Amino acid sequence: MKNKKNYILTMLTAAFISCFTYVISQTKPVIEPKAQDTLTKPNLIPIPTDSIFTDKGLKLKTYKKNAHASYYADRFNGKKTADGSRFNNSKYTAAHKKLPFGTRVKVTNEANGKFVIVKITDRGPFVKTREIDLSKRAFMEITKSKGAGAMKVTIETIIE
C-alpha cells in the first residue's frame, strides 16, 4: 500500500515537473529595447513631421512632399466640377482625390521654390502617379518651364 502511494506521488510529481518545464520553455524572455539617442549631432532637435508651422501669417501643415502635379486641359473650361461650381482655368483652383472641397492648399514647385495658394473644387487627377491637378493659371505661375505638363511639388494644407 505504501509502495503504491509512493509510486502515484512520484508519477504526479514527474508529470507536474514536466508540465512546468514545458510551460517555462514556451515563454519568451522579455527583452527591454535599448534606449536610442534621438539626437545624432549636438544641439539638434528632432522635428516632428506632423507639426503645424506658420509661414507669412499662414498656418500650414505639410500634406505631401515630392507629389506630382499637372494641370487641367482647356477642354474642361466651363464644365461643372465635383463641388458643383463651374471650372475656370484662369482661377486658382485644383482637383485632389481626398482633400475636402473648399480646402485651401499651398502648392510649392520644388525645382524653383515658387508657390501658389489654390482651393480644392474638384476630384482627380485620375492618373495614379499624379497627386493634384492645378488650374492652368496656377500651374503656369509656378512652373519652371512653360512647356512642361507636370512637376514635383510640396502640398501643404492651410489651417483656418
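Just above, that's the structure.
Residues numbered from 1 in each chain as written. Predicted model: local features only at pLDDT ≥ 70, side-chain atom pairs only at ≥ 80, totals over all residues. Heavy atoms only, no water.

Draft legend 1. Molecular detail of the packing of aromatic side chains. Counted according to the given criterion, the structure contains three aromatic pairs. On the basis of an interplanar angle of 45° and a centroid distance of 4.7 Å, the ring pair of Tyr71 and Phe139 is categorised as tilted. Taken together, the residues span a long stretch of sequence, with Tyr71 in strand β2 (residues 58–71) and Phe139 in helix α2 (residues 136–142) at a distance of 68 residues. In this structure Phe139 comes out as buried when scored by relative accessible area, which is 0%. Through a chain of ring-to-ring contacts, the aromatic side chains of Tyr72, Phe76 and Phe87 assemble into a single cluster. The ring of Phe115 has Lys106 lying over it, and the distance from NZ or CZ to the ring centre is 4.4 Å. Here the guanidinium or amino end of Arg123 rests over the ring plane of Phe101, the centre of that ring lying 4.2 Å away. (Phe/Tyr/Trp six-rings, centres within 6.5 Å; stacked < 30°, edge-to-face > 60°. Helix = DSSP H or I, 4+ residues; strand = E, 2+ residues; numbered from the N terminus. Buried < 20%, exposed > 50% of the residue type's maximum accessible area, 1.4 Å probe, protein only. Lys NZ or Arg CZ within 6 Å of the ring centre and 35° of its normal.)

Draft legend 2. Molecular detail of the pairing of β2. Pairing geometry for β2 and strand β7 (residues 150–159), over nine bridges, is antiparallel. Directly across from Lys64, in β7, lies its bridge partner Ile155. (Pairing = 2+ DSSP bridges.)

Draft legend 3. Fine view of unusual backbone geometry. A cis geometry characterises the amide bond from Gly124 onward to Pro125, with omega recorded as -5°. The topology assignment puts Pro125 in the loop between β5 (115–122) and β6 (132–134).

Draft legend 4. Local environment of the side chain of Asp133. With respect to the element layout, Asp133 can be found in strand β6. Comment: no salt bridge for buried Asp133; closest opposite-charge side chain is Arg130, at 5.5 Å. Polar contacts involving the side chain of Asp133 include one to the side chain of Ser70, which spans 2.3 Å. (Lys, Arg positive; Asp, Glu negative; His and termini not counted. Salt bridge = Lys/Arg side-chain N within 4 Å of Asp/Glu carboxyl O. Polar contact = N/O pair within 3.5 Å; in protein donor to acceptor, adjacent residues only side chain to side chain.)

Draft legend 5. Structural detail: the pattern of salt bridges. One pass over the structure, following the stated rule, counts three salt bridges. Between Glu160 and Arg104 there is a salt bridge; the shortest N-O distance is 3.1 Å. Linking Glu160 in the segment after β7 with Arg104 in strand β4 (residues 104–109), this pair joins segments that are 56 residues apart in sequence. Judged by its relative accessible area of 31%, Arg104 falls in the partly exposed class.

Draft legend 6. Main features of the nonpolar core. By size, the foremost hydrophobic cluster in this structure holds 18 residues, and its most contacted members are Val105, Val107, Val118, Ile132, Leu134 and Val153. Mapped onto this core, the elements with two or more residues apiece are β2, β4, β5, β6, α2 and β7. With four residues, the single largest contributor to this core is α2. In contact with Val105, other than residues within four places in its own chain, are Leu99, Val116, Ile117, Val118, Ile120, Ile132, Ile155, Glu156, Thr157 and Ile158. (Core = buried A, V, L, I, M, F, W, Y, C linked by side-chain atoms within 4.5 Å. Contact = heavy atoms within 4.5 Å.)

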